[in-house]
Amino acid sequence: MKTTITVFFTSFLLLLFLSCAFAEVKIIALSGSVHIRRGIEENWTKAALGDALKPEDSIELGKKSSATLLVDGKTKIFLAEESIVDVSDLRSLTQDDLLLLLAMESVRSVPERPSLDEGMPTQQTTTIHGASRDESPPETIPDKESGSKTLRGTKTLYDNGYYATCILKVKAVYRLCPDLKAAIDTRIMVADAMEKMNVRNEALNEYVSLKTEKLSDSQKKLVEQKINILSK
Amino acid sequence: MNAVKISLTSIFLFALSLFLTTGCQKPGPIEIQDDSNLINMKTVETAKDSVFGNPGVDTIGISGSPNFEYYGKLIFTAIRYDLPAKRDSFLNAEVLLLDKSKPIIRNGRTLTYSSLDAGSVVLNIDTLQKLERRIGLPFPSKDTSAGFIYHFKGPYTYSPGASCSWKGTGAGLVGAFEIPFTSAAAMNVLNISPTYISVTEPLTITWACNNPTVNITISRQGNQVQRGWEPVMQLQVRNTKAGVTIPQKILEMLPVRHYQQFLFTFSSDIRFTTRVSGYPDDIMVHCASIHNVLLSVRP
Amino acid sequence: MFSNTESGFSQSMSSPRGIAIGAYTALTSDLNSGNWNPAGLTSMQEWEFGISDYLGTRGGTSGLLLQSLGLGKKISGKHALSLCYLPDKALEFIAPAFVSITDASGNAINAKFDRSIAHHQHYSFGYGYEISPGLSLGISANDFETKVSDTRYSIDSNNAIQTKIYDYSASFWSLNTGALFKINRNWSCGFLLKNILRLDNTKLPDDLQDYALTIQKSACLGAAYSGIEKLTLSSEADTRKNLRAGFEWSVSPSVSVRAGLYLRDFPDLALEARSLGIGFSWKPLQLDISYINFAESGNRNGIVSRDILTGLEFSDIDYSPFTTDRISLSATLSLARSREALAHIEYVEMLGEVFTAAHKIYAFRPLGKARVRNVSPKPISAKISFFIEDIMGSPTETKPYRINPDELLEIPFYAVFNDRISRLQSVSIFDGTVYVHAEVAPDYDDSYQTRVLVRGRNEWDGDILSLRYFTTPADPEVLKFSHNAIAEQKETLDTISTLRQNMAKAKTIFESFSGKASYIKDPMTSRDYVQYPSETLARRGGDCDDLAVCYASLLMSAGIPVGFVDVIPPDNPSDAHVYLIFDTGIEANNAFMISDNPKRYTIRKNANGDETAWIPVETTALRSNFDQAWNKGAEEFFTDTEVRLGILKGWMRVVDISTEF
């Protein structure tokens, strides 16, 4: 009985996995400065026509550059200049997956903390004494360029209908580069992507949060309109 | 809750009252049914007039009785003795008709009466010897003729249950008489156990006798003046078991501290009263088969 | 007719319940047990007070007569004492003055009796001891007295008859001993040795020895069966060739009907008596009535011949050849505040085994569940306590749960183990007891024995959540190792900014660790067996679990928060793998400091709720340097989470190793 369940479950997961399997991605056109970063490597390497891209790879376009990817032998993805796109984002996710991933972002994967009337907090591990604890923050050079490019890459995702990955990627960028939240258009794009993914509550929340931002008139009008629609 | 409490309390009080009301009663005992055939026991007053006991013949408590219950007696006894030093058996007959009109008084006390002449008296075929009855009076000592007494002693040719008769020719006031009777069933003591008297043990006697009742007289040694035996008690026994067990309680009453021997007289008798013409009072006709046994007290 | 050795049963008549059932040796359970089977005293309530009477005829006296008055006390739950006063427990005989005695004057002497013999039992003391819930022993002592009153006659010097009564008495104690054994829920048996020892105080004179009470020794064995609902069957036999059988039927919880048969002369089995009875029970009060009817009237009419009486032996004064038909009544009251059980444990379910390494979790995570039913008519508040004698200092109690009348509730229970559990080297089975205690009573209402499996210290159930509990950051060996590693690189570390301290320390420790340990893919070290860090350090190696646990402990000892990454590939579950992820402490907006490639780290909330960058490390890459291990870990992590959506799909987990559970 146990074996049967294991086999069934494995097969099911396999099917699931296969359903998420990535399509083959190839560079079918490129111009200007186009680089590829393989997996977790630090360095970008120059891309060449016909390069096959793996899901863990990323593609970067410099100024006045362009590239076209062929996904799964049929879908063409046109990449804009000064953008970074992760190949892993070139896929559709279901609404449930999106909701789960959005929810997981706000949840730590630790066991439930016990309620106050139960539980015995044990002693914390002591820290090693002797290491200097320099309280002042170091001098850092934030890399906004990378973030901005990645954000522009999310437009590519949006334009090509990869709404879920677009939303998730924008949020990931905002975490790394909170300053980029100022780009209202991107946020409106995210809200719209949420609408398109039919995650209306999240879209509404997004529009509502936009209301407090400094919007242009057209943006304001759009936001209000959306709020009205989504509130019903 | 209150109702529960009240109910519980009342039940408990009931139980308590049960206890209190029953505390007074005691269960009755189980009666031990004794199958002893002893009917009654009677003490015998010491004969005050022992001086008037018939000389030579011991007939114990039959004649010489101070009670003067019957003024006239026709007595026929078959007597057997089983004493350690003496075994004897004989027949004994006695006739005495006291004249109530002629008391013999001394010192204001009626000692006896003069006895009448009854002519010739025959028991069955044996003629009784007619003797003058002489009374030795004390203070001052003087012999006085007090009439007649008839007496017979013969060999032990006793037939129990036989037809017997008394015949008298009569004399003077006393008319002739003929009184038939049946001789009493023979009394033959078979066994006594133990062969001594012990106040800690009952005395069991077995006998051969057909009489419905058996009388036992227990006597002690008489005083020096009147040798013989003084009856102490009389027991009447229902002859249902061809014997009797005399319980210790009875034996305890014997004056065993003072006397070392007691005579047990077992008697099977018949008695009835009759009248004889010319004699004003009832005459007791008594026939008895007597077996005497002497027992010593166990030290 | 009776023979000289005939005497009837070893029977007391103080309990109408006992009389009605007949075979009571295995069933006796109240104050009157002292007179039946003293082992039954242990079933008494705290205090018991009882009265019994009977309605009968004896010796010409009929009416209600007191049988016994008793008091019983339970001491410390295991000891029981009883004292019964039996004012009218007597067997009296009277020999009436059988011959008329007349004195010389013709006056009849009126003697009350020739002789009277009275046997009494005044008191009965009982003691019972409960060796275990199913086994009790008992002993009782009964005092007997015989009084003989003898009327004696004497003739005084005046030939007058004098009467005098002489009194004699004899007394002795007789001991009985018994045992009650509850074989199982349905069967119980009782054993009684009656009059096993006689201790004489005084004796009658030799000439009255015939009247002395010679009680018989006997042994009785009884069995009772209560497997049929509401019905209890009982039977017993004794060495006097007597046999009894009876039953008790609980018509309702407060009414019982009983009947019994008394047979003698086994194996011929002549009927001696039959009995009937009814009992009423209402909370602390018990009322019982019985009727016994003897088949042969024999000597039961109040008269006996001397020949029969002489040489008769009795086992008891109450039940003798002279006992008449009687109706017996008794009332027994429990004087103490009796406490009824309010809750009953119907079932206990253990939720799993106890892994020594994870024993602390059972302080908050249920070890099992008890199904508790409220058997009272009112709502109760019930708590469950759980206790294993060898590895817990005291029972662990839950919070109270409210249970409505007749409601069944599942209450989870917990366990706080003591240090002894940590010393278990291999799997052991322990007896655990679950108690329920309802309302405010200090005593347990019920208890349930259950088996608890406690795993050895190195055994692991394969759950990543449990793996955490093998980490020992406070272990002296671990502390020593990490301290030394950091101390060795102190100069270097001091040059590194605070922001990067965690990374630097993690690197230092890794490289120190990797130099001293190796990955051992030993078939013996299965996924079910995990080494503690001190063991890994001592052995200088282990499998992926051991190394992950060890490295995690080392990082934690340096104050670096760590998590386990558990991956069970759906296409190949046997390739399940564990590696680490640690908190750099660098906030998300500064994560670029770690690397330009955000795939090399992941942003997670730390314990403070701040989003920081966490770095995955493949701990099995011990031959590599830290960067390589990081590369490998990052690659695995990105592929599993972002590409294959492992966390989303549920075959991947990241579990923080918090020092709080």
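Residues numbered from 1 in each chain as written. Chains lettered and ligands numbered in written order. Predicted model: local features only at pLDDT ≥ 70, side-chain atom pairs only at ≥ 80, totals over all residues. Heavy atoms only, no water.

(A) Summary view of unusual backbone geometry. Of note, the amide linkage connecting Ser193 of chain B to Pro194 of chain B takes the cis form, showing an omega dihedral of -5°. In this fold, Pro194 of chain B is placed in the loop between β12 (188-193) and β13 (196-197). Although it is not a glycine, Glu82 of chain A sits at a positive phi angle of roughly 50°. Turning to its location among the elements, Glu82 of chain A is positioned in the loop between β7 (75-79) and β8 (83-86). Judged by relative accessible area, Glu82 of chain A falls into the partly exposed class, the value being 23%. Backbone geometry at Leu269 of chain C places phi at a positive 55°, although glycine is not the residue there. Tracing the backbone shows Leu269 of chain C in the loop between β14 (255-264) and β15 (270-282). (Helix = DSSP H or I, 4+ residues; strand = E, 2+ residues; numbered from the N terminus. Buried < 20%, exposed > 50% of the residue type's maximum accessible area, 1.4 Å probe, protein only.)

(B) Focus on the pattern of salt bridges. Residue and element names in this part refer to chain C. Throughout the structure, instances matching the rule amount to 44 salt bridges over all chains. Of the charged contacts, one joins Arg264 and Asp265 as a salt bridge, the two residues approaching to 2.8 Å between their closest N and O atoms. For Glu346, the salt bridge is made with Arg373, and the minimal N-O distance between the two is 2.4 Å. One end of the pair, Glu346, is in strand β19 (residues 343-350); the other, Arg373, is in strand β21 (residues 368-374), and 27 residues separate them in sequence. Here Arg373 falls in the partly exposed class, since its relative accessible area comes to 22%. (Salt bridge = Lys/Arg side-chain N within 4 Å of Asp/Glu carboxyl O.)

(C) The environment of Leu210 of chain A, seen in detail. All names here are of chain A. Considering the arrangement of structural elements, one finds Leu210 in helix α6 (residues 200-211). The class of Leu210 is buried, set by a relative accessible area of 0%. In this structure, Leu210 is in contact with Ile184, Arg187, Ile188, Leu215 and Val223, ignoring residues within four places of it in sequence. (Contact = heavy atoms within 4.5 Å.)

(D) Expanded view of the sheet that holds strand β4 (residues 52-53) of chain A. Residues and elements named next belong to chain A. Spatial strand order, β4-β1-β6-β7: four strands in an open sheet with antiparallel pairing. The open sheet has two edge strands, β4 and β7, and neither has a second partner. Bridge analysis of strand β1 (residues 25-31) against strand β6 (residues 66-71) gives six bridges, and the strand direction is antiparallel. Its bridge partner lying in β6, Ile27 is registered against Leu69. (Pairing = 2+ DSSP bridges.)

(E) Structural view of the packing of helix α4 (residues 476-488) of chain C against helix α6 (residues 501-516) of chain C. Residues and elements named next belong to chain C. Axis separation between α4 and α6 bottoms out at 9 Å; the angle between their running directions is 110°. The orientation of α4 relative to α6 falls into the category roughly perpendicular. The interaxial crossing formed by α4 with α6 has right-handed handedness. Here α4 contributes Phe481, Ser482, Ala485 and Ile486 to the contact with α6, which in turn contributes Lys505, Thr508, Ile509, Ser512, Phe513 and Lys516. Residues belonging to the contact of α4 with α6 are distributed by class as follows: five nonpolar, three polar and two charged. (Axes fitted to C-alpha atoms, helices over the stretch in contact; angles between N-to-C directions. Parallel < 35°, antiparallel > 145°, perpendicular 65-115°, else oblique. Left-handed = near helix turned anticlockwise from the far one by under 90°. Nonpolar A, V, L, I, M, F, W, Y, C, P; charged D, E, K, R; others polar.)

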